[in-house]
Amino acid sequence: MTEQVVQSAGKGAGTRAPGPPRPHFAGRERELRALDEDTTRAGLHTLSGHPSPYSRVLLVAGAPGSGRTTLAEEFVHRLCARTPGTVLRARLTDPGGTAVPTERTARDLLAALESSRTPQAGADEEALSAALRAELADRAGRDGRPLVLLLDDVARSQQVLDLLPESRDCLVVAVSSGPLTQVPDVRPCTLGGLDRAAAVSLLARRAGSAPRLTVDPRGAETLAELCGDLPAALALVGGWFGARPKLSVADAVALLRQVPDTPVPRGRPGPSAEADDAVDAGNVTDATDAAGTADAADAADAPDGEHAADAEGAAGAAGVGDVADPETDAEDEHPAPPGPPAPYPPAPLVRAFRLVNGSLTGSHARLLRLLSLAPAASVDPLGASALAGCSVAAAHAALEEFVRLGLLRALGGSRYEVPGCLDPLLRAELEEHERPDEALLARARLLERTVRRLEACRAVCEPSGSPARKRLAGMPGALRFAHRTEARTWLEARRPELLAAARAAVADSEGRLDTLARRLVSGLARALDAHREPEAAAPELYRLHELVLDVAERGGLHRERAAALLYLGDLDAGTRRLETARARYRTALDSARAGDDPVAAGRALESLGGTYAELGDWERAADWYGRALALRLTRSTPADREAVARLHARLGAVHGRAGRRSEALRGWKAAAAAFRRLGDSASHARALSEAARVQEEADRPQDAVRLCGQALEAARRAGDVRLQAALRMRLADGCERLGDRRAARSNRAAGRRLLAALGEDGTGDGTGEAPAAGDAGPDAAGRYRSG
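Thresholds, definitions, all that
- Residues numbered from 1 in each chain as written.
- Predicted model: local features only at pLDDT ≥ 70, side-chain atom pairs only at ≥ 80, totals over all residues.
- Heavy atoms only, no water.
- Helix = DSSP H or I, 4+ residues; strand = E, 2+ residues; numbered from the N terminus.
- Buried < 20%, exposed > 50% of the residue type's maximum accessible area, 1.4 Å probe, protein only.
- Areas by Shrake-Rupley, 256 points an atom, 1.4 Å probe, with all protein chains shown as cover.
- Pairing = 2+ DSSP bridges.
- Phe/Tyr/Trp six-rings, centres within 6.5 Å; stacked < 30°, edge-to-face > 60°.
- Lys NZ or Arg CZ within 6 Å of the ring centre and 35° of its normal.
- Contact = heavy atoms within 4.5 Å.
- Core = buried A, V, L, I, M, F, W, Y, C linked by side-chain atoms within 4.5 Å.
- Axes fitted to C-alpha atoms, helices over the stretch in contact; angles between N-to-C directions.
- Parallel < 35°, antiparallel > 145°, perpendicular 65-115°, else oblique.
- Left-handed = near helix turned anticlockwise from the far one by under 90°.

Participant: What's the story with the overall build of the chain in this structure? I'm lost.
Facilitator: When helices and strands are counted, the chain shows 36 helices and nine strands. Across the 787 residues that make up the chain, the buried fraction comes to 53%. In the form shown here, the chain has an accessible surface area of approximately 33,000 Å², with 50% of it arising from carbon and sulfur atoms.

Participant: I would appreciate a short explanation of the sheet that holds strand β9 (residues 416-417) in the present structure.
Facilitator: Taking strand neighbours across the sheet as the criterion, the three strands line up as β7-β9-β8 in an open arrangement whose pairing is antiparallel. Each end of this open sheet is capped by a strand with a single partner; those strands are β7 (378-379) and β8 (409-410).

Participant: Before we go on, may I ask you to explain unusual backbone geometry in this structure?
Facilitator: Leaving glycine out, the prevailing phi sign among residues is negative, and the prevailing peptide bond configuration is trans. One non-glycine residue, D153, lies in positive phi territory at about 55°. As for its position among the elements, D153 is in strand β4 (residues 147-154).

Participant: Where do I start with the packing of aromatic side chains in this structure?
Facilitator: Ring pairs (aromatic) are described by centroid distance and by the angle formed between their planes. Scanning all chains against the criterion turns up one aromatic pair. Seen in terms of ring centroids, F481 and W490 are 5.4 Å apart; in terms of plane orientation they differ by 55°. Their pairing is tilted. Here the two residues F481 and W490 agree in accessibility, since each one is buried. Sitting above the plane of the F241 ring, R212 keeps its charged end 3.8 Å from the centroid. One cation-aromatic arrangement involves R627 over W624; the distance from NZ or CZ to the ring centre is 4.3 Å.

Participant: Looking at this structure, how should I read the side chain of T450?
Facilitator: Tracing the chain through its elements places T450 in helix α22 (residues 436-459). A relative accessible area of 13% places T450 in the buried class. When near neighbours in sequence (up to four residues on either side) are disregarded, T450 contacts L498 and L520.

Participant: Help me understand the nonpolar core in this model?
Facilitator: The nonpolar side chains of soluble globular proteins are, as a tendency, buried together. By size, the foremost hydrophobic cluster in this structure holds 73 residues, and its most contacted members are L454, L491, L524 and L544. Ignoring sequence-local partners within four residues, the contact set of L524 consists of L454, L491, L498, L499 and L544.

Participant: Teacher, can you tell me more about the packing of α22 against helix α25 (residues 514-531) here?
Facilitator: Any two packed helices are characterised by the angle at which their axes cross and by the distance between the axes. At a minimum axis separation of 9 Å, α22 and α25 run at an interaxial angle of 25°. Relative to α25, the element α22 is oriented roughly parallel. Every pair of crossing elements has a handedness; the one defined by α22 and α25 is left-handed. Between α22, through A444, L447, E448, T450, V451, L454, E455, C457 and R458, and α25, the contact on the second element is made entirely by L516, R519, L520, G523, L524, R526, A527, A530 and H531.

Participant: How should I be thinking about the pairing of strand β3 (residues 85-91) in this particular structure?
Facilitator: A regular strand places its side chains so that they alternate between the two faces of the sheet. For β3, the tally of buried residues reaches seven of seven residues, placing the bulk of the element in the interior. Examined bridge by bridge, β3 and β4 share six bridges and lie parallel to one another. By the bridge assignment, R91 is partnered in β4 with D152.

Participant: For this particular structure, what's the right way to read the environment of D108?
Facilitator: Among the secondary structure elements, D108 is positioned in helix α4 (residues 102-112). Among the residues examined, D108 registers a relative accessible area of 5% and is labelled buried. Residues D108 and A90, 18 residues apart in the sequence, show an inter-C-alpha distance of 8.6 Å.

By themselves, these are just geometric observations and shouldn't be taken as functional.
Structure (structure tokens):
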């Protein structure tokens, strides 16, 4: 997950995107002083007379569980308390140890900054990182306010270098498990355990107000020593000790000594064929039943005791083509190279975790290890209940217990986070105690719950009484949203987790979750489209349709592949990546033909014509438009008849640009006739107007005046006052060329009156007409806008 926190720190300053609550901080005063001194100490480059133009980089390095992130957060908090400034935060490693691509980090940070420099959807990593560096350099030191970039869980040096701005007014604080040797003039601060007094203080605070640690100071020190003085281990043991008020310190020490600290073996029990086959079939409900679990939360919340899983959700058969279809609806990003292997937690933390985990009941221990499946290591009671197949109330109680024991971190708003230092331990527990098919079933239940939540998020935007609103009313109360604002707030807050869930579902190499993955991507795309403006939603939609493309290619789904390629091609062409768009459209055409999808094939042909038109290759544009027209003429649906009229207009336009006036005139006349048959008076008038323009260019003023008159009558029927004014001015010019000055004066005066009624001065010559016929469907190049 890339987590962004942009806040203005200091007295009286507001916070635009609040982060999680700050944990209790103890000790580390020496390290804080060292970091503070490093912010002003001259580096080696400065001492040698060649100061670096880049931002200063402070590195907080330590083993998992050493409190390295907490120290960095405390340092940044104290720094900005003295000098109010802006803080940005990004996490550069996903749970599981996968490095976050720079493209994703840069785009998310630019969005958090509300930057005008943000490249459009589909921009490559270099363009995005360059835009972010320029934005950071521009904002650093503005109005004397510092800018701090906190980079958590850095996997390799290049991640920092890609984001490092050329500004000495920006401070970068990196958190990593080891040295970043390729970052020039980095200032490291290496962490070990806390000093013993601070360790005992943290242990006592986590254990509560019982005096057991106070009356046995030697035992308390021994307990802290067994924890390696590591904050994470101390929090775990302190929470466990506080939950046992009758346990003495000596007994706690004895029990902790007995726990092994060797790495967890990676063995797995054998699979269950029945449940595995159910998931392979894409039937989530059957798979859940095969595992002997039920969605208790939905059953409890459903009206009249009815189970809330609707038929469409249980079958998992919603097509992804609806998402990618650019005519009706409206980025797996390039995978980053893997970073170094994530370090295994130190022995004291392993021992503390095993002590606490071993004290849990069976159901709670199972839920805890299943939390490693939560996308972006973030979960709420609804998600936890889906993972474990229990009620929401039981899941919420378990999550609160985990927080008290130090196993989870509360983020506020009923959201919880798995600490990064515990993630490998939970994954090891999952591999040891859960069969692969059981873990797959848990993921399927979570995806199904997420899909239905997204359906509710989109349905709340539909008009009252619509089918979507009726389905929303039948959903359990825990899944519904009261109003649009609540749904939008939920969507924006959960966006990183939702995108992570989609990526994880698609990444399943065996493709057993492809049906749910397609439904999830569909639901997320529709929700984003409903709650965001098209430009704001485009980057995420680009990522999502790349995920659709991966699933379609893996499953041989030619229609879905063609639809995704068409959508991606539209976005590429819209940002002037015309060669990329052309390649996508050509591949989409092949997929549409392989899938026997004439509608997608027609769209691909027309889009290829539009792309060549934008490239200025009028011959090829006319060729592809002609192929699209021939295909549309073989069909007789209303959409095809509209496309025929539009394609005649496109052919008229490209022939005109190529200087082939007779073909252009034929195209515009055919378009005018087709629009007249459709009853589209406005487009009929524009097509006649363009035909008149061709006659003017061919020096046939009588024919031009005649066509302008016909266009004027059609414009009157359509009520298009602006086009009437433009045609009046054109008629005036034509009459002057024919020597009819009286008619010219009359038409020009009528045109000026029409322009005056529109609030214009009427001094122009009337050549700036309305768009040519057919522009209401695809854009000027013939590509389809997303609906």
